[in-house]
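Working through the structure, step by step
What follows is each chain in one-letter form.
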Amino acid sequence: MTDTYDVIVAGTGAAGLTAAIAAHDGGAKVALFEKGEQVGGTSAWSGGHVWIPNNPHMAADGAADSRDLALTYLMSLSRGTIEERLAEAFVDAGPRMVEYLDAKAGTDFYSVRGFPDYHPEHPGGLTGGGRTVECPLFAFDQLGEWAARVTPSPYFATMNITMSETPLGAAVPSMPSPEEMQRRKIHDERGLGQALVGRLLKACLDRGIEPVTSARMRNLVIDAGRVTGAAVDVGGQRREVMARRGVVLATGGFEWNEDYKRAFLRGPLTHPVSIETNTGDGLYMAMKAGAMLSNMREAWWIPVGELPPGVNRMNRFLLSGDRSRPRTIMVNRQGRRFANEAANYNAFGGAFHQEDVARFDYANLPCWLIFDQCYVERYGSPGAGGAGVKSSGAEKAAEWLLGAPSLEDLAEKLGVPPTNLVSTVQRWNDNVAAGHDPDFLRGESAHDRWWGDPDHKGTVEATLGPLDSPPFYALPVRSGGLGTKGGPRVDPDARVIDLDGNPIPGLYAAGNACGSPLGMTYGGAGGTLGPAMVFGWLAGRHAAG
Ligand SMILES: Cc1cc2nc3c(=O)[nH]c(=O)nc-3n(C[C@H](O)[C@H](O)[C@H](O)COP(=O)(O)OP(=O)(O)OC[C@H]3O[C@@H](n4cnc5c(N)ncnc54)[C@H](O)[C@@H]3O)c2cc1C
């Protein structure tokens, strides 16, 4: 059976949905295929922050930006991994995309007040934020039967909240009252990545683009060097779908494909936190079509806390705010600190890949988050309450945490040298008393001061605090990733480039399915969804012609 469209898109994350909208509005007849049973991909699991420098909503919040400032910032982080023309395409198209989606797809973006860039002290970085946008709550009952077909996030305790209301997403968090939470349930008003995906999905449905689920794109149809369609397995049946103008690969990364990870990544990514259907299908198809690859070593790295079965469906959580707070440090098997625990999660990947050349092993894997009873009483057990949302403490630590009455006992249980752990904590406590961390500079960046204790945002006390109240606890931390960010190399129109540097006619890629246009850089909150959506938008527009 053969169907014919102008543009076909694989993947219903933010990249694919944006591409579908843009292609339709450019006059194309669009088909949208999703491998999973539900739609939204990791984008629906996310916080929904979208990083767009120089976006049109910043000024309303008093934040100033410019094309030059944004490019200065990106190129200062590049280390040779960003093609300048792609950074320019991103910076130029980002604000236009925001305006477009606000006007035509009901995104209603607003700037997230105060959230600093991830390297705010770099040239062009913004310590006071403004480059991150998010969507307001979105009433899911508008989606009809599709409401239940958006994949829910396993990581958030509630989806009826925006990031800007959480301790992580706001300068002054204002968690909604129980009455307000009840009210939001009436029309199932959701925030986070659900609001973003919900709005983009609604825009697709309004255009008559109904995603086909359980539909896995398997192979491209190539005719005389031009991609003219794809073979798609729909509910177990192979279908050939023709695309008169183009195929957009928005199939996410390859973080759930062990072979590809072994072949390409620079170091371990044992604990992906993305949707499990992201197995590098787009990469496979692009390689078969002769694509040049880029950024293959890289992922959106993140430390991940390991949970026992049943706490959430992934048995893991993103360790972000929890490790930035006072009264906690991270140690390796030598019982030594090895990095600024409050550093941005993507940069933290480097610490996990550091070699111990004498022992020919990874120096900082395994490692643990160590914290004390006072931490638990103030903030609760890391991972127990759902990312970003929990702010209140608990009398007792979660029973699955490893605890001990003394640091020596805890060290014994972990198999790390007790004298090392004791001296590490002693030195940390001395540095805290002196008000700075000369070892790893924790708390020096506006970034660290944002991610720590919400009651002390903006000060060093947000992240510096002693470990002095037993019992002490340990949580195993693993090398994780939000997704990989290597794949086919693209040009400023999101066209896939071949081995000779020429666009492969009819083939586009966006999001984690392509080599990130921003190299190894994670500019700020929303730094993955920003380029994913911008290049999805560019792909859809160009493909539609
Ligand atoms: C808890 C959490 C919070 C996060 N918060 C943020 C945030 O606030 N801001 C931010 O920028 N990033 C955030 N991220 C990361 C972000 O979610 C991802 O990087 C982003 O969603 C990737 O978008 P994408 O469209 O490329 O892929 P995805 O959203 O993962 O979508 C890819 C889709 O393609 C489908 N697919 C795969 N293969 C095929 C095939 N062969 N045929 C058809 N379909 C296929 C998959 O099933 C999937 O639905 C977060 C991640 C997590 C887990």
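Residues numbered from 1 in each chain as written. Predicted model: local features only at pLDDT ≥ 70, side-chain atom pairs only at ≥ 80, totals over all residues. Heavy atoms only, no water.

1. Comments concerning the overall build of the protein chain
Stated precisely, the cut-off is as follows: Counting from the N terminus, the helices are DSSP H or I runs at least four residues long and the strands are E runs at least two residues long. For this measure, only C-alpha atoms enter the radius of gyration; the expected value for a globule follows 2.2 Å times N^0.38, where N is the number of residues. Only protein chains enter the calculation, and the probe is 1.4 Å; a residue is then buried if its accessible area is under 20% of its type maximum, exposed if over 50%, and partly exposed in between. Residue contacts are counted whenever heavy atoms from the two residues lie within 4.5 Å of one another.
Counting its regular elements, the protein chain contains 15 helices and 23 strands. Expected size for 545 residues packed as a compact globule is a radius of gyration near 24 Å; at 23 Å, the protein chain falls within 12% of this value. Principal axes of the C-alpha set define a box for the protein chain whose edges measure 70 × 55 × 45 Å. In the protein chain, buried positions account for 64% of the 545 residues. Residue pairs in contact within the protein chain that sit at least 24 positions apart in sequence constitute 73% of those at least 6 positions apart.

2. Points about the packing of aromatic side chains
For clarity, the threshold we go by: Under the pairing criterion, centres of Phe, Tyr and Trp rings, with the six-membered ring standing for Trp, must be within 6.5 Å; the plane angle then separates stacked pairs below 30 degrees from edge-to-face pairs above 60, leaving the rest tilted.
Scanning the entire structure with this criterion turns up 21 aromatic pairs. Between Tyr-118 and Tyr-345 the ring centres are 5.4 Å apart and the planes differ by 75°, which places this aromatic pair in the edge-to-face class. Residue Tyr-118 is found in the loop between strand E4 (110-113) and strand E5 (129-134), and its partner Tyr-345 is found in helix H10 (residues 345-352); the two are separated by 227 residues along the sequence. For the residue pair Tyr-118 and Tyr-345, the accessibility class agrees, reading buried in each case. Both rings, one in Phe-138 and one in Phe-140, keep their centres 5.8 Å apart while their planes meet at 75°; by these two values the pair is edge-to-face.

3. Considering the side chain of Asn-312
The test is simple: Whenever two N or O atoms come within 3.5 Å, that pair is a polar contact, provided that in protein one can donate a hydrogen and the other can accept it, and provided that, for residues adjacent in sequence, both atoms are side-chain atoms.
Looking at the secondary structure, you find Asn-312 in the loop between strand E13 (299-306) and strand E14 (316-318). Using a relative accessible area of 12% as the deciding quantity, one classes Asn-312 as buried. Within polar-contact distance, the side chain of Asn-312 engages the backbone nitrogen of Met-314 at 2.9 Å. For Asn-312, the side chain forms a polar contact with the main-chain oxygen of Arg-316, separated by 2.7 Å. The contacts of Asn-312, once residues within four sequence positions are left out, are Pro-154, Tyr-155, Leu-307 and Phe-317.

4. As for the site of the ligand
Defined as follows: Here a residue is considered near a molecule or strand provided that any single heavy atom belonging to it is located within 4 Å of it. Each accessible area is a Shrake-Rupley result for a 1.4 Å probe, and residues are judged covered by the shown protein chains and nothing else. Each residue gets one label: Ala, Val, Leu, Ile, Met, Phe, Trp, Tyr, Cys and Pro are nonpolar, Asp, Glu, Lys and Arg are charged, and the others, such as Gly, are polar.
Looking at the ligand, there are 37 residues lining it, with Glu-34, Ser-43, Thr-277, Thr-528 and Leu-529 nearest. In this structure, an oxygen atom belonging to the ligand sits 3.5 Å away from a main-chain N or O atom of Ala-250. Thr-277 places a polar side-chain atom, nitrogen or oxygen, 2.7 Å from an oxygen atom of the ligand. When the ligand sits alone it has 1,000 Å² of accessible area, and the protein chains cover 97% of it. Of all elements in the fold, only helix H1 (14-25), helix H2 (41-45) and strand E8 (215-223) reach the threshold of two or more residues within the shell around the ligand. At four residues, H2 tops the list of elements feeding residues into the shell around the ligand. In terms of residue class, the shell around the ligand is built from 13 nonpolar, 20 polar and four charged.

5. Comments concerning the pattern of salt bridges
Note the following rule: A pair is scored as a salt bridge if a Lys or Arg side-chain nitrogen falls within 4 Å of a carboxyl oxygen belonging to Asp or Glu.
What the rule picks out here adds up to 35 salt bridges. Taking the shortest distance from any N to any O, the salt bridge between Arg-113 and Asp-61 comes out at 2.9 Å. Of the two residues, Arg-113 sits in strand E4 while Asp-61 sits in the loop between strand E3 (50-51) and helix H3 (67-77), which places them 52 residues apart along the sequence. Note that Arg-131 is salt-bridged to Asp-117, the shortest N-O span being 2.6 Å. Taken together, the positions of Arg-131 in strand E5 and Asp-117 in the loop between E4 and E5 put the pair 14 residues apart, joining distant regions of the chain. Connected through salt bridges with shared partners, the residues Glu-165, Glu-180, Arg-183, Arg-184 and Glu-189 form a single ionic network.

6. Quick notes on the sheet that holds E3
Either a parallel or an antiparallel arrangement is found when strands of a sheet pair, and the pairing is made through backbone hydrogen bonds. Our working definition: Here, strands pair whenever DSSP counts at least two bridges between them.
A sheet is described by the order of its strands in space; here three strands give the open sequence E3-E5-E4, paired in antiparallel fashion. What marks the edges here is a single partner per strand, and that holds for E3 and E4. Bridging between E3 and E5 involves two bridges; their strand directions are antiparallel. By the bridge assignment, Trp-51 is partnered in E5 with Thr-132.

7. Comments concerning the domain arrangement of the protein chain
The condition is simple: Either an automatic procedure or a domain database provided the assignment from which the domain bounds are taken. Once two parts are joined, some of their accessible surface, as seen by a 1.4 Å probe, is lost; buried area is that loss totalled over both.
Per the domain assignment, the segments making up the protein chain are domain 1 (2-214 + 485-544) and domain 2 (307-480). Distance between the C-alpha centres of domain 1 and domain 2: 31 Å. Between domain 1 and domain 2, the residue contacts involve 29 residues of the former and 26 residues of the latter. Both faces considered, domain 1 and domain 2 share a buried interface measuring about 2,200 Å² in area, 66% of it formed by carbon and sulfur atoms.

8. Here's the deal with helix H8 (residues 281-288)
For H8, the set of buried residues is Asp-281, Gly-282, Leu-283, Met-285 and Ala-286. Along its buried surface, H8 packs onto E8, strand E10 (237-249), helix H7 (258-264), strand E12 (293-294) and strand E21 (487-488). Looking one or two residues beyond H8, the residue adopting positive phi is Gly-290, at roughly 90°.

9. Re the environment of Asn-429
Here Asn-429 lies in helix H13 (residues 418-434). Here the alpha-carbon distance between Asn-429 and Met-330, two residues 99 residues apart in the chain, equals 14 Å. In this structure, Asn-429 is in contact with Pro-466, Leu-467 and Asp-468, ignoring residues within four places of it in sequence.

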